[in-house]
Amino acid sequence: MCGIVGYIGRSEAVPVLLDGLRRLEYRGYDSAGVAILNGGTIEIRKSVGRIANLADCVEAHPVHGQTGISHTRWATHGKVTQENAHPHSDQSGRLSLVHNGVIENYQKLREQMSNHGHTFVSQTDTEVLAHLIGGEFDRAGQRDKAGLVEAIRKALGQVIGTYGIAVLHADVPGVIVGARRGSPLVLGIGSHEHFLASDVSAIAAHTREVVYLNDYEIVVLQSDQFEISTVSGSGANFQISKVEFSAEAADKGSFPHFMLKEIYEQPNTVRDAMRGRLSATEATAKLGGLEMTNGELRSVDRIVLIGCGTAFHAALAGEYLIESLAHVPVECEFASEFRYRNLPLERDTLAFVISQSGETADTLAAMRESQRKGHRTLGICNNVASTIARESDGGVYMHAGPEIGVAATKSFTSQLTIMALLGLLLGRIRHLSHAEGRTIIAEMEKLPDLVAKTLELDAPIKKIAQKYARSKNFLFLGRQANYPVALEGALKLKEISYISSSGYPSAELKHGVIALITEETPSLFIAPQDAVFDKSISNIEEVKARKGPVIAVGTEGDTSLAKICDDVILIPESPDYLTPILSVIPLQLLAYHIAVALGCDVDKPRNLAKSVTVE
Ligand code: G6P
């Protein structure tokens, strides 16, 4: 949520900053801006809308210099206007600041400073922080690097909330200062140049060496050196890490959108989620990252799965998957609810937080709350450099590569694959025999090919999408583990095409939802050849009896669906517990093609951001 990029070195800053911002656009894209320090003055350019607008603005009104900070915004406080876009300045106009996070006590601070003659031009919490730092700097009168760092320390000591910031001061040339609490920040180390960014993808094209800052750390960047200390003034231990993915991995390649590219990556990402984790000899899954012995895992008598958005849907599917394979009771919680709910958890409860980014504020807070209560809390995340990766008590990485499209796709199927691995592991130390374990492994190994086969349905799905693209309302229905898939299908469609859509267990139709059925309301049923197939057919009949159009996702070879449904998509056969990994793919493609048909901005849907780092 909001992206920051900073550059200091021997090259022109603007091209580096704009390139980085384009790569961070998934974090927010309401408005953007740059501040460039040159010859003792700071020049600012801002514009409302996408980075492309900022690039046009900079082309029309060029700005030169080798030190700069920049920002792409996802509005929290204050409307989307040029005044509210970052960078923000202090009272003197000589300090510039970009910020990701929320300053919770900004109103009180704003009032106090207003009483002392400060005037504010925006409605943002960020401008208050700029004034606070600038005020401390001017009061101390030490107009150098040490004075700026001290002013930042003092100001940060007064704020409540979260921040990832980058600061420039016209009186301190050749210096950028960054600090973080709760919002990610990474330092990039180059030769005679340094970078600062919210996410490594922004700077991966320029450097392979990075330092992921921890909460309460301050970094001072100069072109030939950097220093890291803590907000309280002590030295910090830091580690230089290698960037794991290439900048190309975060490019669209030949695909028109990241979302489509990521949908098509799923044969590989599902394979990568399993790679090296299936042991045919022991007929089980190996998940060393859990850092738990079989004895410890054996004593787990309940699992809690926590997440937001798509990750929460993966948790719901995981509940079916783990319960059916391992017979361990599973409960799912929205992270935003869990963090404030006093859920009774027994001693032998194992908690998992599921998060692609590893930075979602609610999920992070839920993890910390669970840990505070003494529960071992593991992470299932994609971003190995994330806060959840660092602070969880172990876990499983998805290894799915960067997911840039705001609508999560490949991370969902990776999460489900990991749920299956967990189910197998927990099942094998309980009731599953060696032979059963071998069967499950054989079924799982076929998955990547089945995913690839499912993707071959793209062209017919596109046709179906065009047929229904003008619908105002959509229903998604599924039973058992395909109910969470229905929720996920509805979420995909509404977030990228803005069509009102909702997901329900198929049999819930008659308890209210059926009132929505009209000739103009398509219902998508996930009705594979599973134990409840006949029941699903009855539910479809109920809709058809009321003239509702039905699209069905069924199993290859099925002939009964075609007799009663308007459109049928047949996916490869798979065991019930793995079907969600396949059945979600037509729903992802359907949402994608409908959004394209409607001319929507698929990768950057309105009001959304990829990584929600505010509460
Ligand atoms: C945002 C995104 C969703 C995502 C959710 C959780 O709302 O728009 O696509 O599912 O955050 O993200 P996480 O990174 O924690 O999986």
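Only a predicted model underlies this, so the values are computations on that prediction, with no experimental measurement involved.

Engineer: How would you explain the side chain of Glu333 if you had to name every residue and give the values?
Structural biologist: Its place among the elements puts Glu333 in strand 18 (residues 330–334). When its relative accessible area of 5% is taken as the criterion, Glu333 is described as buried. At 2.6 Å, the side chain of Glu333 and the side chain of Arg341 are in polar contact. The residues contacting Glu333, other than those within four sequence positions of it, are Val304, Leu305, Ile306, Gly307, Phe312, Phe338, Arg341 and Leu343.

Engineer: So what's going on with the pairing of strand 1 (residues 3–8)? Residues and values would help.
Structural biologist: Counted residue by residue, strand 1 has six buried out of six residues, so it is predominantly covered. Residues Gly3, Val5 and Tyr7 point to one face of strand 1 and Ile4, Gly6 and Ile8 to the other, with burial holding for every one of them. Across six bridges, strand 1 lies against strand 4 (residues 67–73) in antiparallel orientation. Its bridge partner lying in strand 4, Tyr7 is registered against Gly68. Where strand 1 and strand 10 (residues 194–197) come together, four bridges link them in antiparallel fashion. Note on strand 10: the bridge partner recorded for Gly6 is Leu196.

Engineer: So what about the packing of aromatic side chains? Which residues, and what values?
Structural biologist: By the definition in use, this model includes six aromatic pairs. Judged by centre distance (5.6 Å) and plane angle (35 degrees), the ring pair of Phe255 and Tyr264 falls under tilted. A relative accessible area of 29% means that Tyr264 is categorised as partly exposed. Where Tyr468 meets Phe474, the ring centres are 6.4 Å apart and the plane angle is 75 degrees; that geometry is what we call edge-to-face. An aromatic cluster of at least three residues, connected via ring pairs, comprises Tyr468, Phe474 and Phe476. Between the NZ or CZ atom of Arg606 and the centre of the ring of Tyr498, over which it lies, the distance is 3.9 Å.

Engineer: Talk me through the packing of helix 13 (residues 410–428) against helix 14 (residues 434–455); I want residue IDs and the actual numbers.
Structural biologist: Look at helix 13 against helix 14: their axes get within 10 Å of each other, and the N-to-C directions meet at 170 degrees. What the angle tells us is that helix 13 and helix 14 run roughly antiparallel. Residues Thr417, Ala420, Leu421, Leu424 and Arg428 of helix 13 touch helix 14, and the partners they reach there are His434, Gly437, Ile440, Ile441 and Met444. The residue makeup of the contact of helix 13 with helix 14, split by class, is six nonpolar, three polar and one charged.

Engineer: So what about the sheet that holds strand 11 (residues 209–212)? Which residues, and what values?
Structural biologist: The eight strands are arranged 3-2-4-1-10-9-11-14 in an open sheet whose pairing can be described as antiparallel. This sheet does not close on itself; its edge strands, each paired only once, are strand 3 (41–48) and strand 14 (241–242). Both strand 11 and strand 14 contribute to a ladder of two bridges, which runs antiparallel. Bridged to Glu209 within strand 14 is Lys242.

Analysis parameters
Residues numbered from 1 in each chain as written. Predicted model: local features only at pLDDT ≥ 70, side-chain atom pairs only at ≥ 80, totals over all residues. Heavy atoms only, no water. Helix = DSSP H or I, 4+ residues; strand = E, 2+ residues; numbered from the N terminus. Buried < 20%, exposed > 50% of the residue type's maximum accessible area, 1.4 Å probe, protein only. Polar contact = N/O pair within 3.5 Å; in protein donor to acceptor, adjacent residues only side chain to side chain. Contact = heavy atoms within 4.5 Å. Pairing = 2+ DSSP bridges. Phe/Tyr/Trp six-rings, centres within 6.5 Å; stacked < 30°, edge-to-face > 60°. Lys NZ or Arg CZ within 6 Å of the ring centre and 35° of its normal. Axes fitted to C-alpha atoms, helices over the stretch in contact; angles between N-to-C directions. Parallel < 35°, antiparallel > 145°, perpendicular 65-115°, else oblique. Nonpolar A, V, L, I, M, F, W, Y, C, P; charged D, E, K, R; others polar.

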